[in-house]
Amino acid sequence: MTSKTDFSKPSAREIRFVRRFAADRDTLWAMWTQAEHLRNWWGPAGFTTPVCDVNFRPGGAWFYCMQDPAGQRYCGKMIYDEIDAPYRFSVTDVFTDEAGNHIEDMPESHSEFHFEEINGETILTNISRYHTQEERDTVFEMGVEAGLSQTLDCLDEYLASIAE
C-alpha cells in the first residue's frame with residue numbers, strides 16, 4: 001500500500017511530511033492539541049496511548065507513552081514553543097523515560113506544524129529540524145516514516161469514527 005503521507009529530507013538536518021485530511025482546520029487542530037482526541041489515535045497500528053497529558057500553552061508540554069501490543073512503552077514529550085491557533089504551533093520534541101525525564105543521548109528536534117484549510121480539507125505540513133544530520137538519520141533509521149504514516153492512518157480512522 002502506498003503511503004498517503006509525503007516524506008522528504010529537504011536538508012541534511014530536516015525531515016518533512018505533508019498529509020491531507022478530510023477535516024476542516026479547526027477539527028484537525030483539536031485532534032493535535034487536546035488529550036481527549038490524541039489518546040484515541042496517537043501511535044502506529046496496534047498501539048495504545050495509556051499516558052497522554054497535554055498542557056497546550058507556550059512553555060507547556062504534551063507528555064505521552066505509546067504502548068505496543070506486547071506491553072512495551074515508548075515515551076516522548078513535546079514542549080510547546082509558539083502557538084498561533086489554529087494555523088501553526090512549534091515544539092521541542094524529545095524522547096523520555098516513563099517518568100517524563102529527557103533521555104539525553106537520543107535525538108532532539110524542533111518541529112513546526114502548519115495547518116492549511118482548502119475546500120473543507122486540511123493540509124498538515126510538519127518540518128522537524130535536528131541538531132545534526134546524524135541525529136536526523138538516526139530517527140529515520142528508527143522507522144519514523146513507517147511509524148508516522150501508520151499513526152496518521154489512525155488519525156484518519158479516528159476522524160471517520162467521530163464524523164459518523
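Residues numbered from 1 in each chain as written. Predicted model: local features only at pLDDT ≥ 70, side-chain atom pairs only at ≥ 80, totals over all residues. Heavy atoms only, no water.

1. Some details on the packing of aromatic side chains
Keep this limit in mind: Each Phe, Tyr or Trp ring (for Trp, its six-membered ring) is paired with any other whose centre lies within 6.5 Å, and the angle between the two planes then decides the class: stacked below 30 degrees, edge-to-face above 60, tilted in between. Runs of E in the DSSP output that reach at least two residues are strands. Runs of H or I that reach at least four are helices, and both are numbered from the N terminus. Only protein chains enter the area calculation, which uses a 1.4 Å probe; residues under 20% of their type maximum are buried, those over 50% are exposed, and those in between are partly exposed. Think of it as a cone above the ring: NZ of Lys or CZ of Arg counts as a charge over the ring if it is within 6 Å of the ring centre and within 35 degrees of the ring normal.
For the structure on display, the rule yields 17 aromatic pairs. Plain terms: the ring middles of Trp42 and Tyr64 are 5.5 Å apart, the flat faces sit at 70° to each other, and that makes the pair edge-to-face. Of the two residues, Trp42 is situated in the loop between α2 (35-41) and β3 (48-54) and Tyr64 in strand β4 (residues 61-67); the sequence distance between them amounts to 22 residues. Each member of the pair Trp42 and Tyr64 is classed as buried. Here the basic side chain of Lys9 rests over the ring of Phe140, its NZ or CZ set 4.1 Å away from the ring centre.

2. Focus on the side chain of Thr5
Applied cut-off: Within 3.5 Å is the distance limit for a polar contact, defined as a pair of N or O atoms, with the added protein rule that one can donate a hydrogen and the other accept it, and that residues adjacent in sequence qualify only through two side-chain atoms. Working rule for contacts: check all heavy atoms of both residues, and any pair within 4.5 Å makes them a contact.
By secondary structure assignment, the location of Thr5 is in the segment before β1 (6-8). Side chain to side chain, Thr5 and Arg19 meet in a polar contact 2.8 Å long. For Thr5, the residues in contact, after removing those within four places along its chain, are Phe17, Val18, Arg19, Ser149 and Leu152.

3. A word on the sheet that holds strand β6 (residues 88-96)
Whenever strands of a sheet pair, they do so through backbone hydrogen bonds, lying parallel or antiparallel. To be explicit about the condition: The pairing criterion for strands is at least two bridges between them, as found by DSSP. Inter-axis angles, ranging from 0 to 180 degrees, are taken between N-to-C directions of lines fitted to C-alpha atoms, where helices are fitted over the stretch in contact.
Judged by pairing direction, the sheet is antiparallel, and its eight strands sit side by side in the order β1-β2-β8-β7-β6-β5-β4-β3 without closing on themselves. Here the strands that pair on one side only, and so sit at the sheet edges, are β1 and β3. With strand direction ignored, the average angle separating the axes of adjacent strands in the sheet is 20°. Of the strands in this sheet, β2 (14-21) and β8 (121-130) touch helix α3 (residues 133-141), which is tilted by about 45° from β2. Running at roughly 20° to β2, helix α4 (residues 144-163) makes contact with β1 and β2 of the sheet.

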